[in-house]
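Residues per chain are reported as follows:
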Amino acid sequence: MKPGQEKLNLTEDPVARSIFSLMWPMMVGMLAMMSYNIADVYFIGQLGTMELAAVSFTFPVNFMVGAMALGLGTGTSSVASRLFGAGENDEIQRITTHSLLLAIATGLLIVLVGLSTIEPVFRLLGADDTTLPMIKRYMRIYYLGGVFTVVPMIGSSVLRASGDAKTPAKIMMISAIFNIVLDPILIFGLFGMPRLELEGAAIATVLANVGTATAAFSFIYFRDHLIRFRTAQFRLIIDSWSRILHVGIPSMTSSMIAPLTTAFITWQVAQFGQEAVAGFGVASRLEGLSLLTAMALSAAITPFVGQNFGAGNYERVLEGMKFVYRFSLIYGFSVATFLFIAARLIIGLFTDDPGANAAANMHLHLVPWSYAFLCISMTSVSGFNAIGKPMPAMLISMSRTIGIYLPLAFILARLFDLFGVFMAAFSANIIAGLLGYIWFRSFFGSFLAQERAVQKL
C-alpha cells in the first residue's frame, strides 16, 4: 500500500494536533452534509407546513438506514485502524475488500425491506391521510438509493482509519454542494426541469450519494490500492465479516436504538399536533448541526485510539481521551449559551407557523444544556469501539435511550405535556455522559494496571 500524502502519523504526532487534524476535516465534511439536510428542510418548508411535517416523519427511518451504515463503518474502522497501527497491510486489504461486499449486501436488503414496509411503518409513527401520500412519494425514491447510502460510509471509514481525514471531507463537501444545487432545481422545477416537489428532494439526495460512493471507491482502489479481489474466498469473507460485525453489530444496535427512540419520540410529539412534529423536525436538524463538532470529535477518536491501541501505545490512548473530555465540556456549554440566545431568530428562518415555532423554541432552550455530557458519552462509546470492546459502548448508548429517555419521556409527557418530552432528553444526556466517563476511565485504568504488571514480570 502506498501511503497517501494526506495521512497523519497518529502514533507519534502530538496528541492534540493528531486529534484536531482528524476532527477538523471531519467537521467540515459533516458540516457540508448537514448543510444539505438543512437546505432540504428549508426548500421543502417553502412548499408548506404539511410537506415539512411529512419529511419530518421520515427522519427516524432515515436515521435507521444511516445507523446501519454507521454500524458497519464503525466495525470496519475499528478493525482497520488497529491493523494500520500494527502495520498489517495484507490484512487491511482483505478487510477493506470484504467490508465493501458487506456494504453492498446491506444496501440491497434496505431496498427490499424498505419498499415493502412504507405504509405500516409510517402509520405506526403517527402519519395521517394528509401526510402519508407525501411520505410515500419521498421514500420510494430514497429507498432505491439504499446501496449508495452504505458504500460511502465504508469507504470513508477505511480512509479515516488510515489517518486520511481530508479526502473523505472533500468528497462529502462536493456531494453536499451538488445536492444543494440540485434541490431547488428539482423541487421547484427551475431551468426548464419539471416541478417534482418532494420527489425532487429525494432524487437530489440519491444522486449525491451515488457520486459519494463512486469517489470513495475510486480513492481506496486506485490511489491507496486497498481493494484486492483475489481475497474473495468464501472462508476469508466469513472471517472478515465476523471481525467487522464483532464491533459492527453492537455499534449498529446502539446506533439503531437512537432512530427507534426518535421514532417513539416523534410519536409522542405527534400527540400534540402535526405542527409540533414540524417544529420538532426543525429543532432536530438544528441540533444535529449544533453537535457537528461533537460528532467529528467522536469520529476522530476511533482512528486515533485504534491505531495507538494496535501499536501498543496505551498511555497515549488515555491521554487522548482526557483531552477530548475537557474539550467536550467547553464546547457543549458554549453551544448551549449560543442557542439559548439565538434560537428564536434561527427557527424563524425555517417556519413561520406558530405551533411549529413554539415547539422548536421549547426544545432548543432546554436540551442544549446537556450537550456537553452527550459529547462525553459519544467519545466514550467511540473509545470502547476503537479498542474492540463494543459491549460497554452499546450499553452506554442503550442506557441513554432505552433505559432513560424512552420511559422518562412517556412519564413526563403526561405530567408536563410537550415540555416533559424535552426534559427527558435533557436528563438522559447528562446521565449517559457521566456513565461513559466513569466506565471508560475505570476500564482503561484497570487495563493499564494489568499491562504494567505483565511488563514487570
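Residues numbered from 1 in each chain as written. Predicted model: local features only at pLDDT ≥ 70, side-chain atom pairs only at ≥ 80, totals over all residues. Heavy atoms only, no water.

**Q** Just checking my understanding: could you explain helix H4 (residues 118–125) for this structure?
**A** By the burial criterion, the buried members of H4 are Ile118, Phe122 and Leu125. One face of H4 carries all of its buried residues, which in axial projection span an arc of 50 degrees. In H4, those exposed residues whose orientation departs by more than 90 degrees from the buried face are Pro120 and Leu124. (Buried < 20%, exposed > 50% of the residue type's maximum accessible area, 1.4 Å probe, protein only. Helix = DSSP H or I, 4+ residues; strand = E, 2+ residues; numbered from the N terminus. Arc of directions from axis to C-beta.)

**Q** Could you clarify how one ought to interpret a nonpolar patch on the surface in this entry?
**A** A surface patch of nonpolar side chains, about 480 Å² in accessible area, is lined by Phe410, Ile411, Leu415, Phe416 and Phe419. Here the nonpolar patch gets four residues from one element, more than from any other, and that element is helix H15 (residues 390–416). Along the chain, Phe419 falls in helix H16 (residues 418–456). With a relative accessible area of 35%, Phe419 lands in the partly exposed category. (Patch = residues over 30% accessible without salt bridge, like charges linked within 9 Å, V, L, I, M, F, W, Y side chains within 5 Å. Areas by Shrake-Rupley, 256 points an atom, 1.4 Å probe, with all protein chains shown as cover. Salt bridge = Lys/Arg side-chain N within 4 Å of Asp/Glu carboxyl O.)

**Q** How should the packing of helix H2 (residues 49–86) against helix H11 (residues 292–310) be read in this particular structure?
**A** Think of two packed helices as two axes; the pair is described by the angle between the axes and how far apart they sit. The N-to-C vectors of H2 and H11 enclose an angle of 45 degrees; their axes lie 7 Å apart at closest approach. When the axes of H2 and H11 are compared, the pair comes out oblique. As for how H2 packs across H11, the hand of that crossing is right-handed. Across from Ser77, Ser78, Ser81, Arg82, Phe84, Gly85 and Ala86 in H2, the residues of H11 making contact are Thr302, Pro303, Gly306, Gln307, Phe309 and Gly310. Of the residues in the contact of H2 with H11, the class split is four nonpolar, eight polar and one charged. (Axes fitted to C-alpha atoms, helices over the stretch in contact; angles between N-to-C directions. Parallel < 35°, antiparallel > 145°, perpendicular 65-115°, else oblique. Left-handed = near helix turned anticlockwise from the far one by under 90°. Contact = heavy atoms within 4.5 Å. Nonpolar A, V, L, I, M, F, W, Y, C, P; charged D, E, K, R; others polar.)

**Q** Help me understand the environment of Ile177, please; the structure alone is not making it clear to me.
**A** Structurally, Ile177 can be placed in helix H7 (residues 166–188). Under the relative-accessibility criterion, Ile177 is labelled exposed at 52%. Here the alpha-carbon distance between Ile177 and Tyr36, two residues 141 residues apart in the chain, equals 7.5 Å.

**Q** Got a minute to help me understand the pattern of salt bridges in this structure?
**A** Applying the stated criterion across every chain, the model contains 13 salt bridges. A salt bridge links Asp90 to Arg228; its shortest N-O distance comes to 3.7 Å. Placement of the pair is Asp90 in helix H3 (residues 89–116) and Arg228 in the loop between helix H8 (198–223) and helix H9 (234–270), with a sequence separation of 138 residues. Residue classification places Arg228 among the buried residues on the basis of a relative accessible area of 15%. A salt bridge links Arg243 to Glu91, with the shortest nitrogen-to-oxygen separation between them at 2.7 Å. Of this pair, Arg243 sits in helix H9 while Glu91 sits in helix H3, and the two are 152 residues apart along the sequence. Judged by relative accessible area, which is 27%, Arg243 ranks as partly exposed. Taking the relative accessible area as the measure of exposure, Glu91 reaches 24% and is therefore partly exposed.

**Q** I would appreciate a short explanation of the confidence of the model for the protein chain in the present structure.
**A** Detailed conclusions should not be drawn from predicted coordinates in areas where pLDDT is low. When pLDDT is averaged along the protein chain, the result is 86, and 97% of the positions lie at 70 or above. In this model residues 1–5 is a low-confidence stretch, pLDDT under 50, and it forms six contacts with partners more than four residues away in sequence or in other chains. (pLDDT = per-residue confidence, 0-100.)

**Q** Any chance you could explain the packing of H2 against H4 here in plain terms?
**A** At a minimum axis distance of 10 Å, the contact between H2 and H4 shows a crossing angle of 110 degrees. As judged from the angle between their axes, H2 and H4 are roughly perpendicular. Considering how the two elements wind past one another, H2 and H4 form a crossing that is right-handed. Residues Phe57, Thr58 and Val61 of H2 form the contact with H4, whose participating residues are Val121, Phe122 and Leu125. Here the contact of H2 with H4 is built from residues that sort into five nonpolar, one polar and no charged.

**Q** Looking at this model, I keep getting lost on the environment of Ala343. Mind explaining?
**A** Position of Ala343 relative to the elements: it lies in helix H12 (residues 314–347). Relative accessible area serves as the criterion here: at 1%, Ala343 is assigned to the buried category. Taking the C-alpha atoms as reference, Ala343 lies 8.4 Å from Ala360; in sequence the two are 17 residues apart. In this view, Ala343 contacts Asn361, Leu364 and His365; residues no more than four positions away in its chain are not counted.

**Q** Looking at this model, I keep getting lost on the nonpolar core. Mind explaining?
**A** A general feature of soluble globular proteins is that nonpolar side chains tend to end up buried together. Residues Phe122, Met139 and Phe444 are the most contacted members of the largest nonpolar core, which totals 136 residues. A total of 16 residues in this core trace back to one element, the largest contributor, which is helix H1 (residues 15–45). (Core = buried A, V, L, I, M, F, W, Y, C linked by side-chain atoms within 4.5 Å.)

**Q** Explain unusual backbone geometry here, please?
**A** Outside of glycine, negative phi angles account for most residues, and trans bonds account for most peptide bonds. Phi is positive for His225, close to 55 degrees, though the residue is something other than glycine. Within the fold, His225 resides in the loop between H8 and H9. Of note in the backbone geometry, Asp417 takes a positive phi value of approximately 60 degrees without being a glycine. Inspection of the secondary structure assignment puts Asp417 in the loop between H15 and H16.

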